[in-house]
Amino acid sequence: MKLTGLFKRGAACLCTAAILMGGVSAFALSPALPDEPAPAELSVTNAVSEAQLRSALSKFTVTYDSEAEGWQIDSPYEEASMEKASCGLYPYLFVTNDDPTVYLSLGMTYFGDKKLDMKSVRVETEDNYYDFTCGEEFIGGYDNDLKAWFAYELFDMDDETGWLNEWLAAKSVTATFTGRDGSTKTYTLTKDNLQAIRDVLNVYDTLLGSDVSTARVVLRSLVK
């Protein structure tokens, strides 16, 4: 069984929640400028150009999900991590098509030599910790090619970019996966994992500064 089929994600997958976080929240792209002339300062200082958005997305894989009707934006670092059977905390973006909205989510992946039905994940820095409660359904299995067990949970970040920025500023970040049987595994975020977070936050901010028409043109052109 290949991981790619098991890790297909879309807007409909945003069903789990993190402790201290609210319900599903969305952040709309800035609307296209009206037909009448806008103040020069506004159009110059607030509009993200097509070249800027294309540059920000250049590192990512963009796919279109016809069922969820939107674009999925993934970091290549996550795919590389999975191929190594490495645990990881990777954010990703989903942009709806009809009413362009940007969803920021965080996927947490466990890999190990034993099955772990995730109950919770605690992310710790030297100053703070962040608790995530997993859903009741086990999402995972055994990968014959990698010869490892894996489990996966996807969390809506509800605009908690501050949390991700705190992780980037920390000297070290660890994630402890806890199973329903009490078993645990601790993972220290790698440089690649942290770089993926940094890249996604850059794209997130750039998308929110883009107008709808520009975002659609760029995303459509980048679909793999």
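The present account deals with the structure reproduced in this document. These numbers were taken from a predicted model, which means no experiment stands behind them. (Residues numbered from 1 in each chain as written. Predicted model: local features only at pLDDT ≥ 70, side-chain atom pairs only at ≥ 80, totals over all residues. Heavy atoms only, no water.)

Brief notes about the pairing of strand β12 (residues 184-188)
Under the convention used in this document: Two strands pair if DSSP finds at least two bridges between them. Helix and strand labels come from DSSP, where a helix needs a run of H or I of at least four residues and a strand needs a run of E of at least two; each type is numbered from the N terminus.
The pairing of strand β11 (residues 174-179) with β12 spans 5 bridges and is classified as antiparallel. What sits directly across from A175, in β12, is Y187. A loop of 4 residues connects β11 with β12, the two strands running antiparallel in sequence, and G182 in this loop sits at a positive phi of about 95°.

Some remarks on helix α4 (residues 76-83)
In plain terms, the rule: Only protein chains enter the accessibility calculation, which uses a 1.4 Å probe; a residue is then buried when its area is under 20% of its type maximum, exposed when over 50%, and partly exposed in between. It is the directions from the helix axis to the C-beta atoms whose arc is reported. Polar contact is defined as a pair of N or O atoms within 3.5 Å, subject to the rule that within protein one atom must be able to donate a hydrogen and the other to accept it, and that residues adjacent in sequence are counted only when both atoms are side-chain atoms.
Buried within α4 we find E78, S81 and M82. The buried residues of α4 occupy one face: seen down the axis, they fall within an arc of 95°. For α4, the N-terminal capping position is held by S75, with its side-chain oxygen 3.1 Å away from the main-chain nitrogen of Y77. In the segment just after α4, A85 is the residue with positive phi, at about 55°.

Quick look at helix α6 (residues 191-208)
Stated precisely, the cut-off is as follows: Helix span, as expected, comes to 1.5 Å for every residue beyond the first.
Its 18 residues give α6 an end-to-end C-alpha distance of 26 Å, which sits within 8% of 26 Å, the value for a rise of 1.5 Å per residue. Within α6 the residues assigned to the buried category are N193, L194, A196, I197, D199, V200, L201, V203, Y204, T206 and L207.

Considerations on unusual backbone geometry
One non-glycine residue, E69, lies in positive phi territory at about 55°. The residue E69 is located in the loop between β3 (61-65) and β4 (70-74) in this model. E69 gets classed as partly exposed once you look at its relative accessible area, which sits at 39%. In the Ramachandran plot, A85 falls in the positive-phi region, its phi being about 55° despite a non-glycine side chain. With respect to the helices and strands, A85 occurs in the loop between α4 and β5 (88-96).

Re the pattern of salt bridges
Opposite charge on two side chains lets them pair, provided their charged atoms get close. Keep this limit in mind: For this document, the term salt bridge refers to a Lys or Arg side-chain nitrogen within 4 Å of an Asp or Glu carboxyl oxygen.
Across all of its chains, the model carries 4 salt bridges by this definition. Here E50 makes a salt bridge to R54, at a shortest N to O gap of 2.9 Å. You can see E50 and its partner R54 sitting in helix α3 (residues 50-57), 4 residues apart, about one turn around the helix. Here K59 and D199 are joined by a salt bridge, their closest N and O atoms 3.3 Å apart. Placement of K59 in the loop between α3 and β3 and of D199 in helix α6 is noted, with a sequence separation of 140 residues between them. Here K59 falls in the partly exposed class, since its relative accessible area comes to 49%.

Overview of the packing of α3 against α6
Put simply, the rule is: An axis is simply a line fitted to the C-alpha atoms; with a helix, the fit covers only the stretch in contact. Between two such axes, the angle follows the N-to-C directions and lies from 0 to 180 degrees. Just so you know how the angles are binned, under 35 degrees is roughly parallel, over 145 roughly antiparallel, 65 to 115 roughly perpendicular, and the rest oblique. Working rule for handedness: look at the near helix, and if it is turned counterclockwise from the far one by less than a right angle, call the crossing left-handed; if clockwise, right-handed. Residues are treated as being in contact if the distance between any of their heavy atoms lies within 4.5 Å. In this classification, Asp, Glu, Lys and Arg are treated as charged, Ala, Val, Leu, Ile, Met, Phe, Trp, Tyr, Cys and Pro as nonpolar, and every other residue, Gly included, as polar.
Their axes nearest at 9 Å, the elements α3 and α6 cross at an angle of 155°. Judged by the angle between their axes, α3 and α6 are roughly antiparallel. Crossing handedness for the pair α3 and α6: left-handed. The residues of α6 that touch α3, namely those facing Q52, L53, A56 and L57, are N202, V203, T206 and L207. For the contact of α3 with α6, a count of residues per class yields 5 nonpolar, 3 polar and no charged.

Keep in mind these numbers describe shape, not what the thing actually does.
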